[in-house]
Structure formats: structure tokens, C-alpha cells
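Summary of structural features
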Amino acid sequence: MTIIVLDNEAIYNLSFNVANVDCGLGDAYKFRIRSQWDQTDDTWVGATTNGYFAATLLSTNDRYSEFQIVLNAFFVNSKEHYNGIYEYELLCDDESVLDSGLIKVVTNPGGTTGDTAFVSNNENLEADTYFTPNY
């Protein structure tokens, strides 16, 4: 799944391969994403309340369900570079997972990449020997 996050927009409609969604009384839904960039970090990215973005069920049928996801200012009008592959989870209010998988986030404009130019201190391609075996 790919989501293109445009400048000055915070509400997006996403469809999930989950049929006939019903979380019971109240039908409160949550959506969260985690970057795959740092596999050791268990932080869910940029969400508003307890690591979640608000999600509202728009429609559901025998094939799929459509939700309206409200992304906060984490992505909107950001000068940072958030393009990448993220893990996502769509949950009921009771923390039961309805769907999970990968989502590609493309921000427009993309922001700066934070790259620093590398200037070599070895322009003559001189090699260093760190280990020489003794035979």
C-alpha cells in the first residue's frame, strides 16, 4: 500500500483487505506506523494519542473496508524527510489487530534528506594493512 502525503492535508482515505469490520460497541479504530529504518526501536511514529492516529470506518463489505485516517502535523508541512517503508497496524479500541503490513509513505514535498557530503582524506587511494598473517 502506498500513501502520498501532500503538504497542507491531514485526512486520507485508505482501504484495507479486511472484510465486514465490526469492533463491537462504539467502533473506535486506531492506526499506527513504525519505521523499518531502525529495527531495534519499538517506537510508533508521530501519532497523536498513545502512539495512534485516529481512524474512522467509512464503509465495509465482503471484500474490503475503507477508513479515514487523520495524520497530524507529524507529516504535514514537515521539513524532515519521512519517505520510506513503514510497518502499519489497524486496531480496534481494545488493541485487537484488524490488519497489519507494510505501507510506503511518500511525502510531497519530500523535505531534506539530511545527507552530509563525504570528503575523503585519502585522495591517493593509499591502502592500510590492518592484519598480515604469519605463515
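Read on for an overview of the structure. (Residues numbered from 1 in each chain as written. Predicted model: local features only at pLDDT ≥ 70, side-chain atom pairs only at ≥ 80, totals over all residues. Heavy atoms only, no water.)

Of the regular secondary structure elements, the chain holds zero helices and seven strands. The order of helices and strands in the chain, counted from the N terminus, is β-β-β-β-β-β-β. Residues classed as buried in the chain amount to 27% of the 135 residues present. The long-range fraction of contacts in the chain, counting pairs at least 24 apart against all pairs at least 6 apart in sequence, stands at 62%. Carbon and sulfur atoms provide 48% of the accessible area of the chain, an area that totals close to 9,200 Å². (Helix = DSSP H or I, 4+ residues; strand = E, 2+ residues; numbered from the N terminus. Buried < 20%, exposed > 50% of the residue type's maximum accessible area, 1.4 Å probe, protein only. Contact = heavy atoms within 4.5 Å. Areas by Shrake-Rupley, 256 points an atom, 1.4 Å probe, with all protein chains shown as cover.)

Before going further, it helps to examine the environment of Arg63. Within the element layout of this structure, Arg63 appears in the loop between strand E4 (53-60) and strand E5 (65-70). Sequence-distant contacts of Arg63, defined by excluding residues within four places in its chain, comprise Asn17, Val18 and Ala19.

Opposite charge on two side chains makes pairing possible when the charged atoms of those side chains draw close. By the definition in use, this model includes four salt bridges. Residue Arg32 pairs with Glu89 through a salt bridge whose shortest N-O separation is 2.7 Å. Here Glu89 lies in strand E6 (residues 84-92) and Arg32 lies in strand E3 (residues 29-35), a separation of 57 residues in the sequence. Like Glu89, Arg32 is buried. A salt bridge links Arg34 to Glu87; the nearest nitrogen and oxygen atoms lie 3.1 Å apart. Separated by 53 residues along the polypeptide, Arg34 in strand E3 and Glu87 in strand E6 bring together distant segments of the chain. (Salt bridge = Lys/Arg side-chain N within 4 Å of Asp/Glu carboxyl O.)

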